Amino acid sequence: MAVDSGLSSPLGPPACEKDAKALQFIEEMTRNVDSVQERNLAEILRRNSETEYLKRFQLQGATDRDNFKAKIPVVTYEDIQPEIQRIANGDRSAIFSAHPVSEFLTSSGTSAGERKLMPTIQEELDRRQLLYSLLMPVMNLYVPGLDKGKGLYFLFVKAETKTPGGLLARPVLTSYYKSEHFKNRPYDPYNVYTSPNETILCADSFQSMYTQMLCGLIMREEVLRVGAVFASGLLRAIRFLQINWKQLVGDISSGTLNPKITDPSVRECMTKILKPNPELAEFITNQCSEENWEGIITRIWPNTKYLDVIVTGAMAQYIPTLEYYSAGLPMACTMYASSECYFGLNLKPMSKPSEVSYTIMPNMAYFEFLPHEPSAPAPSRDCPPRLVDLADVEVGKEYELVITTYSGLYRYRVGDILRVTGFYNKAPQFRFVRRKNVLLSIDSDKTDEAELQKGIENASILLREFNTSVVEYTSYADTKRIPGHYVIYWELLVKDPANSPTEEVLNQCCLAMEESLNSVYRQGRVADNSIGPLEIRVVKNGTFEELMDYAISRGASINQYKVPRCVSFTPIMELLDSRVVSKHFSPSLPHWTPERRR
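In the annotation of an unreviewed UniProt entry, the chain is listed under the name Indole-3-acetic acid-amido synthetase GH3.1 and assigned to Manihot esculenta.

Right under this line is the structure:
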């Protein structure tokens, strides 16, 4: 029940005293946005004033905005990669940060085909933990009684490596799950999971998924919310259940764990949870043996109040499938974060996916915004970009996010395009529009036009002996099946029909494309099973001319028309699919091993 109204928040009556303090903190931060930002910047510059990077630009100890903006350049990852590589190779001098770099967080954005390395410091875990601590107090305003049950979350650790200098390099969530902040988190009745830590921390994706699903089935009536980080991850869990429910039912019926689960710590924790339950086994059999899986989430977990998944940006493509499996449950996008920095939270978490806006918390970093105007000329050294402060953005305008962090990123372009939708107190609220330049994404992979073009070129080499070339191409991310996969439409010029490329060669072209894509994509294919085999669909000659005719009939200029390298508009998809003459799939997995950080 809600606590005394004397502790009430403008957001709503808090569920408990702890929530009241969290909501009060949100109020203080959002009312004092500009002063908090000014304080952040001064603190970051003061503590790092003796670093090599800030000395290079002769800031000379200044901590004010004017000097900072006049002297410190706006940068991309490529600009600072040499310094990052020095740290990775073992240089322990104060390059970016006066505090020692504790590890690298690997970004799912890529640089030259590899994950980016983001330096971080130990105290960032406290800052991330603070943002996590605000999520449930906000959610409790909208969904009462979440302390009366558990959350079924499918959470996973991913591959980690060490740099030549001995620092760990791993995804930000893997860093968090392996931290003491997560493993020894204090008990909170509003934040109890069905999955024991041992199942989340198991590095084998099959064993981890199997035992997390098994726990969720055993505790089915206690589950009040179902989630994963991304929508794609939750759908992968449903697909896993479709494939493995008979083995899971066998374990539940007999009370003995599948011998495929070999991790000793997982087996040990499961012995405390798994007991023979023939009645539950029969119920799950009845549900899963039906051909129709519509509403399967609410059928198996009947007390589920919402799904907790990110369905903004590229994940929006999964919304119809999630609605099908959940019988239309609300989808809560609670938080906005990246490897570089955690940004903010959704103060209206039960809003429709199309209306999700995130409130940037001004204490997390120093934020600036580069107006995003595609038609405007690109900034140059003579005409550097003019950035806007957090408190000064305008409703309806789009911006690229630029951050300065306690870990030592200065005026760093994150690559996210955001649209301002309004304000909470004085804190702007943003809708995530898209990643800059990203064409294709299924899970945490991000493929841009240059990478797709490189893949096409490499695959085309296999066509040369057949005197065949790719005339035109486009692509889309097919998420109708789980896991989703990339589809590439090719129009070919076959100069000698008697010697046209064989089925086997075109299948090999699919694999050649996959080998050309970045390590995040290949990890999704090989280790995470989150991406299916790449598909090439060969279309009839003249198809792309028809595509241009269609675009012009809808008002496109014939002089400025460019073939779109990625498509999603239904009539265009229908046109392309109606012209397909053959379909081809990658015949095997591309090469992938955990990256060596040279």
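Okay, back to it.
(A) Representation of the packing of helix 10 (residues 205-218) against helix 11 (residues 231-254) within the structure. One can describe the packing of helix 10 onto helix 11 by two numbers: an axis separation of 9 Å at closest approach and a directional angle of 70°. Taken as axis vectors, helix 10 and helix 11 run roughly perpendicular relative to one another. As for how helix 10 packs across helix 11, the hand of that crossing is right-handed. Contacts from F206, M209, Y210, M213, L214, L217 and I218 in helix 10 reach R236, A237, F240, L241, N244, Q247, L248, D251 and I252 in helix 11. Residues of the contact of helix 10 with helix 11, tallied by class, amount to 12 nonpolar, two polar and two charged.

(B) A look at the nonpolar core. Judged by nonpolar contacts, the single largest core of 167 residues is most densely connected at L241, F367 and W490. Grouped together as the second largest cluster of nonpolar side chains are 13 residues, V487, V539, L547 and V563 included.

(C) Spatial organisation of the pairing of strand 6 (residues 223-230). Counted residue by residue, strand 6 has six buried out of eight residues, so it is predominantly covered. In terms of strand pairing, strand 3 (residues 150-154) meets strand 6 through five bridges, oriented parallel. If you follow Y153 over to strand 6, its bridge partner there is G227.

(D) Expanded view of helix 1 (residues 17-31). The end-to-end C-alpha distance of helix 1, which contains 15 residues, comes to 21 Å, matching closely the 21 Å that a straight helix rising 1.5 Å per residue would cover. Among the residues making up helix 1, those that are buried are D19, A20, A22, L23, I26, E27, M29 and T30. Those residues of helix 1 that are buried lie in contact with helix 2 (33-47), helix 6 (124-142), strand 10 (342-345), strand 11 (358-360), strand 15 (412-424) and strand 16 (427-435).

(E) Spotlight on the sheet that holds strand 7 (residues 306-310). One open sheet holds the four strands; their spatial order is 3-6-7-8, and the pairing between them is parallel. This sheet does not close on itself; its edge strands, each paired only once, are strand 3 and strand 8 (331-332). In this fold helix 10 packs onto strand 3 and strand 6, with an angle of close to 160° to the strand it touches most, strand 3. Packed on one face of the sheet, helix 11 meets strand 3, strand 6 and strand 7 and runs near 120° to strand 6.

(F) Molecular detail of the packing of helix 11 against helix 13 (residues 278-288). At a minimum axis separation of 8 Å, helix 11 and helix 13 run at an interaxial angle of 165°. By the criterion of interaxial angle, the relationship of helix 11 to helix 13 is roughly antiparallel. The two elements helix 11 and helix 13 cross, and the hand of that crossing is left-handed. Contacts between helix 11 and helix 13 involve L241, W245, V249, I252 and S253 from the first element and P278, L280, A281, I284, T285 and C288 from the second. Of the residues belonging to the contact of helix 11 with helix 13, the class tally is nine nonpolar, two polar and no charged.

(G) View of the sheet that holds strand 14 (residues 398-404). Reading across the sheet, the eight strands line up as 9-10-11-16-15-14-12-13 and stay open at both edges, with antiparallel pairing between neighbours. The open sheet terminates on both sides in strands that have one partner only, identified here as strand 9 (335-337) and strand 13 (388-389). Here strand 14 runs beside strand 15; their pairing, made up of five bridges, is antiparallel. The residue of strand 15 that forms the bridge with E398 is R419. Contacts from helix 6 reach strand 9 and strand 10 within the one sheet, and its direction differs from that of strand 10 by about 15°.

Thresholds applied
- Residues numbered from 1 in each chain as written.
- Predicted model: local features only at pLDDT ≥ 70, side-chain atom pairs only at ≥ 80, totals over all residues.
- Heavy atoms only, no water.
- Axes fitted to C-alpha atoms, helices over the stretch in contact; angles between N-to-C directions.
- Helix = DSSP H or I, 4+ residues; strand = E, 2+ residues; numbered from the N terminus.
- Parallel < 35°, antiparallel > 145°, perpendicular 65-115°, else oblique.
- Left-handed = near helix turned anticlockwise from the far one by under 90°.
- Contact = heavy atoms within 4.5 Å.
- Nonpolar A, V, L, I, M, F, W, Y, C, P; charged D, E, K, R; others polar.
- Core = buried A, V, L, I, M, F, W, Y, C linked by side-chain atoms within 4.5 Å.
- Buried < 20%, exposed > 50% of the residue type's maximum accessible area, 1.4 Å probe, protein only.
- Pairing = 2+ DSSP bridges.
- Expected span 1.5 Å × (residues − 1).

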